[in-house]
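# Coordinates in review
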Amino acid sequence: MSSEMDVSELRKLEVDLGAGAVAALEDVRKVVQVGALKIKRGMQSDATGHRHAAAFPSSITYDTKIGATYVEAEIGPDKGRTQGALGNLLYFGSSKNGPVIDLTRPLREEAPIVADFAAQAAARALL
Amino acid sequence: MSSPDATAAVLALLTADANVKVYDGEVPVDPATGRLPARPYVVVYGPPDGDGARSLDSLAGGSNRADGVVTTTYVGDSAEAVRIVAKRVRGLLLDRTPAVTGRTSFPIRHDSGQNVTRDDDVQPPVLFAVDRWLCQSVPA
């Protein structure tokens, strides 16, 4: 005894969802880029006004990457830029001193907004 | 027992363990010898008001939500000593709900940190590592 099932519609759905996922990633990347820019500006603002680290805010940069199934953003001081290497000291302190700047305050503020817009972008692409 | 703010509550959780040497914001120097205390130890750095900046509580509508980061810096003579203190402190803080008078606290979450690093700016050089803990609360 054997049975057969027509799965051609399921295959079509699979292709549609795959195309939707690719489109979603591009839209989500735009959302993440805006969020990363705002976090970078927040970090620069928080880092401004320190007498011995006047150039440090300019060392803070961001970069976004897109993979097959993910979008990621890297935001923070670039050690190759002037005073960028001060990041560890300012954000984490030393054995004798505490941190000077709250590293994740801008991220905590922006992350829920990015997550909300990313979910909306993904839903639009898949529907 | 309830503490007056989040930083005090974190200190209470840590000092409850007699095996952890804890300092609040600074490490006292022995006035007679001018020396720092024996390592390893942990130093706790809290926000100025103990609870952290107030942010908007989206449910209540006012800036009542306390959003504070408490930092724990582990100092030791070896990387292993730093790791032992760090592990103990993490066990004492992670996901624990601090008791703060007049406030409802959320469980303490690990925010970020720095791996074991050598500090050559002090003599003799020591090793240290850092954890940052997110302590959030709303009015009770």
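Residues numbered from 1 in each chain as written. Chains lettered and ligands numbered in written order. Predicted model: local features only at pLDDT ≥ 70, side-chain atom pairs only at ≥ 80, totals over all residues. Heavy atoms only, no water.

## Some remarks on the packing of aromatic side chains
All names here are of chain B. Counted under the stated rule, the structure contains two aromatic pairs over all chains. Both rings, one in tyrosine 23 and one in tyrosine 41, keep their centres 5.4 Å apart while their planes meet at 85°; by these two values the pair is edge-to-face. One end of the pair, tyrosine 23, is in strand S1 (residues 22-24); the other, tyrosine 41, is in strand S2 (residues 41-45), and 18 residues separate them in sequence. For the residue pair tyrosine 23 and tyrosine 41, the accessibility class agrees, reading buried in each case. (Phe/Tyr/Trp six-rings, centres within 6.5 Å; stacked < 30°, edge-to-face > 60°. Helix = DSSP H or I, 4+ residues; strand = E, 2+ residues; numbered from the N terminus. Buried < 20%, exposed > 50% of the residue type's maximum accessible area, 1.4 Å probe, protein only.)

## Quick look at the interface of chain A and chain B
At the interface, 15 residues of chain A touch 17 residues of chain B. Summing both sides of the interface, chain A and chain B together bury roughly 1200 Å²; the carbon and sulfur share of this comes to 55%. Contact with chain B buries surface across chain A, with Phe92(A), Ser95(A) and Arg108(A) losing the most and accounting together for 51% of the total. Applying the counting criterion to the chain A and chain B interface returns three salt bridges. A salt bridge links Arg108(A) to Asp67(B), with the nearest nitrogen and oxygen atoms 3.3 Å apart. For the pair chain A and chain B, the number of links is six residue pairs in polar contact (both at pLDDT 80 or more). The biggest single contributor to the side of chain A that touches chain B is helix H2 (residues 87-92) of chain A, with three residues. For the side of chain A that touches chain B, the residue count by class is five nonpolar, seven polar and three charged. (Contact = heavy atoms within 4.5 Å. Buried area = accessible area lost by both parts, 1.4 Å probe. Salt bridge = Lys/Arg side-chain N within 4 Å of Asp/Glu carboxyl O. Polar contact = N/O pair within 3.5 Å; in protein donor to acceptor, adjacent residues only side chain to side chain. Nonpolar A, V, L, I, M, F, W, Y, C, P; charged D, E, K, R; others polar.)

## Overview of the environment of Ala8(B)
Residues and elements named next belong to chain B. Turning to its location among the elements, alanine 8 is positioned in helix H1 (residues 6-15). Residue classification places alanine 8 among the partly exposed residues on the basis of a relative accessible area of 22%. Separated by 31 residues in the primary sequence, alanine 8 and arginine 39 have C-alpha atoms spaced 22 Å apart.

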